[in-house]
Amino acid sequence: MSLTVPNDLLDQARAGEIDDAAFVACVRDSLPYAWSVISELVQQRDQSGAEFADNHVPPPSEEARGQLLRCLASDAMRGALENHFGVRLAFQNCHRVAVFDPAATKALREFVTPRAQILNQKPELVDC
């Protein structure tokens, strides 16, 4: 299971729409490694003023890797985090997460090309 959902949030979902902040909190609490990677990248990008910041450090465990994969593979979670942090997220391999300034469309387009994916490949990432 991707998320540990509190009963009150589950009740909200059953009744209709849920609160965005409550969903973001659920993601944060359920996937702490993914949250920390993304929030640290947002902070780095904000401090540097760069178009984007990206992570090159492999996760410390398979559990951590799974958190990144679950978080970024879910349109709902990804979209909620993009809205919460005011960024665009992109993902390569098992750990190369990037946060982009929403106006950095050229940099984002370059990051998500097949060429960029191929250039990011390394033998040690084959099993990630």
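Residues numbered from 1 in each chain as written. Predicted model: local features only at pLDDT ≥ 70, side-chain atom pairs only at ≥ 80, totals over all residues. Heavy atoms only, no water.

Comments concerning the packing of aromatic side chains
Then comes step 1: Tallying each qualifying case throughout the model produces 2 aromatic pairs.
Then comes step 2: Residues Trp-35 and Phe-85 carry aromatic rings whose centres are separated by 5.1 Å and whose planes lie at 45° to one another, so their mutual orientation is tilted. Placement of the pair is Trp-35 in helix H3 (residues 32-48) and Phe-85 in helix H5 (residues 75-85), with a sequence separation of 50 residues.
Then comes step 3: Under the relative-accessibility criterion, Trp-35 is labelled buried at 16%. (Phe/Tyr/Trp six-rings, centres within 6.5 Å; stacked < 30°, edge-to-face > 60°. Helix = DSSP H or I, 4+ residues; strand = E, 2+ residues; numbered from the N terminus. Buried < 20%, exposed > 50% of the residue type's maximum accessible area, 1.4 Å probe, protein only.)

Let's talk about the confidence of the model for the protein
Then comes step 1: Summary statistics for the protein give a mean pLDDT of 87 and a share of 86% for residues scoring 70 or more.
Then comes step 2: Per-element confidence in the protein is highest for H3, whose mean pLDDT is 96, and lowest for helix H7 (residues 114-119), whose mean pLDDT is 66. (pLDDT = per-residue confidence, 0-100.)

Some points on the side chain of Gln-67
Then comes step 1: Position of Gln-67 relative to the elements: it lies in helix H4 (residues 62-73).
Then comes step 2: Residues contacting Gln-67, with those up to four places away along its chain left out, are Leu-31, Pro-32, Tyr-33 and Ala-34. (Contact = heavy atoms within 4.5 Å.)

Some details on the pattern of salt bridges
Then comes step 1: Under the defined criterion, the tally for this structure stands at 7 salt bridges.
Then comes step 2: A salt bridge links Glu-62 to Arg-65, with the shortest nitrogen-to-oxygen separation between them at 3.2 Å. Of this pair, Glu-62 and Arg-65 both sit in helix H4, 3 residues apart, roughly one helical turn.
Then comes step 3: We classify Glu-62 as exposed; its relative accessible area is 56%.
Then comes step 4: Overall, the relative accessible area of 13% leaves Arg-65 in the buried class.
Then comes step 5: A single salt-bridge network, built from bridges that share partners, covers Arg-45, Asp-46 and Asp-101. (Salt bridge = Lys/Arg side-chain N within 4 Å of Asp/Glu carboxyl O.)

Topic: the sheet that holds strand S2 (residues 88-92)
Then comes step 1: Here we have 3 strands laid out as an open sheet, ordered S1-S3-S2, and antiparallel in their pairing. Among the strands making up the open sheet, the edge pair consists of strand S1 (52-54) and S2. When strand polarity is set aside, the average angle formed by the axes of neighbouring strands in this sheet is 20°.
Then comes step 2: As defined by bridge partners, S1 adjoins strand S3 (residues 96-100) across 3 bridges and the pair is classed as antiparallel. Looking across to S3, one finds that Ala-53 is bridged to Val-99. (Pairing = 2+ DSSP bridges. Axes fitted to C-alpha atoms, helices over the stretch in contact; angles between N-to-C directions.)

Focus on the packing of H3 against H4
Pairs of packed helices are described in terms of their axes, by the angle between the two and the distance that separates them.
Then comes step 1: Closest axis-to-axis distance for the H3/H4 pair is 7 Å, and the angle between their directions is 70°. Relative to H4, the element H3 lies roughly perpendicular. Of the residues in H4, those in contact with Pro-32, Tyr-33, Ala-34, Val-37 and Ile-38 of H3 are Ala-64, Gln-67, Leu-68, Cys-71 and Leu-72.
Then comes step 2: For the contact of H3 with H4, the per-class residue count stands at 9 nonpolar, 1 polar and no charged. (Parallel < 35°, antiparallel > 145°, perpendicular 65-115°, else oblique. Nonpolar A, V, L, I, M, F, W, Y, C, P; charged D, E, K, R; others polar.)

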